Amino acid sequence: MENRPKYAASFRKRLRAWYKTHSRKLPWREIHDSYKIWISEVMLQQTTVQAVLPYYREWIKLFPDVKSLSQATLQKVLKAWQGLGYYQRAKNLHRASKIITDKFGGKIPQNYEEMRKLPGFGPYTTAAVLSFAFNKSYPALDANVRRVLMRQLGERYKLNPANDKALFEFFKFYFPPKETSFFNQALMELGALVCRPKNPLCFLCPISQFCQAYEEGKQEVIPRPKNRNYRKIEAVVAIIRKNRKYLIQKRPSKGLLADLWEFPGGKRKEGEKLEEALHREIKEELSSEVKDERFLTRVHHAYTQFQVTLYAYECSLKNETQLNKGRHRWVTLKALRSYPVPSGSAKIVKFLEEREKIR
Ligand code: SF4
């Protein structure tokens, strides 16, 4: 314990030198634009930097500031988010931008309590925006930072928010308040590039000499791996075309993939043939029989909590008198590009676009 100040100084010195040499140049770093930092932090939750970069650039072109985001339609916002998953995040960005515009004159508040009340500002996002944009002394514990600190500390702490207190104490002890922002970024980058979840590159790590997990060979089991049991879902999808237009429908505003658009269809029941499922689902959803069905394609997509296989059938409706005008639309493939659709359906849209090119 008596050696702690010396140890802390060496820890910081090594981490600082590593970050200055190895960190990636990213559009949301080295800036103090709170809006851009906020957008990047929300996009980066559950998603890698490489996957986020094109979305971030496009988003900033479409919505360069809080005001432009607050004035956009929800459909446009969801479309820009399409492919990033967890659509509630996009809805929260939109809702928060309206509150920031109306209540704070378009400026993101710099006060922790006020910021925390905004939709989507959990403890991590609030700490990250306050730290990176306003240089306030809030440690931002994301998955990367947690992993690095937990490995440094050894197996005493399991990956559980209840144990964050110990990690906050570690952070606060080793990093002076004025440098919180810098070391938040340095630990995040170390976690992303070196202290990776699997196969950490300890031989490249600037702080390996302080690492309890490294000393004990426990890097691979800290944090304890989660058992992930993906639910597997099979669904049938009706591709119904009329005069070069396709029938799509809007999902409910609550629940999974809320407010996105998709082709009509639904889950196959156990023991049911695909064609039987198609007939049943379309009858339930559109109150119509299908005819002339023909198998088109099959696509897979893994969402966070489940994997889906979609079987797409081209078919026609025997009648369409019951279509709900608010929920159903006939659109061309070109027009469909402006609708937010789940990633699995987007693969079917791509298939249809390819097919039209060939024809
Ligand atoms: S030594 Fe290995 S496990 Fe420890 S912090 Fe560095 S990369 Fe992570």
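Residues numbered from 1 in each chain as written. Predicted model: local features only at pLDDT ≥ 70, side-chain atom pairs only at ≥ 80, totals over all residues.

(A) The arrangement of the overall build of the chain in detail. In terms of helices and strands, the chain carries 15 helices and seven strands. Principal axes of the C-alpha set define a box for the chain whose edges measure 80 × 50 × 40 Å. For the chain, with 359 residues in total, the buried portion stands at 33%. Excluding contacts between residues fewer than 6 apart, the proportion of contacts in the chain whose partners are at least 24 apart in sequence is 65%. (Helix = DSSP H or I, 4+ residues; strand = E, 2+ residues; numbered from the N terminus. Buried ≥ 20, exposed ≤ 12 C-beta atoms within 10 Å, placed from the backbone. Contact = placed C-beta atoms within 7 Å.)

(B) Spotlight on the site of the ligand. Around the ligand, the structure places 14 residues, and the nearest of them are Cys195, Cys202, Cys205, Ser208 and Cys211. For the shell around the ligand, the secondary-structure elements that each account for two or more residues are helix H9 (143-153) and helix H12 (212-216). Considering each element in turn, the shell around the ligand owes the most residues, three residues, to H9. Residue composition of the shell around the ligand, by class: 10 nonpolar, three polar and one charged. (Near = placed C-beta within 6 Å. Nonpolar A, V, L, I, M, F, W, Y, C, P; charged D, E, K, R; others polar.)

(C) Spatial organisation of the nonpolar core. Among the nonpolar cores identified, the biggest contains 84 residues, and Val129, Val237, Ala238 and Ile239 are the most heavily contacted of them. Looking at which domains feed residues into this core, each of domain 1 (33-134) and domain 2 (231-358) supplies at least three. Every residue in contact with valine 237, bar those within four places of it in the chain, is listed here: Phe263, Gly265, Leu310, Tyr311, Ala312 and Ile348. (Core = buried A, V, L, I, M, F, W, Y, C linked by C-beta atoms within 7 Å. Domains from an automatic or database assignment.)

(D) Region of interest: the domain arrangement of the chain. Structurally, the chain comprises domain 1 (33-134) and domain 2 (231-358). On a C-alpha basis, the centres of domain 1 and domain 2 stand 31 Å from each other. Taken together, the residues of the side of domain 1 that touches domain 2 sort by class into three nonpolar, four polar and one charged.

(E) Spotlight on unusual backbone geometry. At glutamate 30, a position not held by glycine, the phi torsion is positive, near 60 degrees. For glutamate 30, the position within the fold is in the loop between helix H1 (4-22) and helix H2 (34-44). Taking the number of C-beta atoms within 10 Å as the measure of exposure, glutamate 30 has 10 and is therefore exposed. With phi around 55 degrees, aspartate 292 is a residue other than glycine that occupies positive phi space. Structurally, aspartate 292 can be placed in strand E5 (residues 290-302). We classify aspartate 292 as exposed; it has 10 C-beta atoms within 10 Å.

(F) Examining the packing of H9 against helix H10 (residues 164-174) more closely. The N-to-C vectors of H9 and H10 enclose an angle of 85 degrees; their axes lie 10 Å apart at closest approach. Comparing their axes, H10 and H9 come out roughly perpendicular. Contacts between H9 and H10 involve Arg146, Leu149 and Leu153 on the former and, on the latter, Leu167, Phe170 and Phe171. Of the residues assigned to the contact of H9 with H10, the class counts are five nonpolar, no polar and one charged. (Axes fitted to C-alpha atoms, helices over the stretch in contact; angles between N-to-C directions. Parallel < 35°, antiparallel > 145°, perpendicular 65-115°, else oblique.)

(G) Highlighting helix H5 (residues 74-81). Among the residues of H5, those classed as buried are Val77, Leu78, Ala80 and Trp81. Projected down its long axis, H5 carries its buried residues within an arc of 160 degrees, all on one side. Two residues or fewer after H5 comes glycine 83, characterised by a positive phi angle close to 105 degrees. (Arc of directions from axis to C-beta.)

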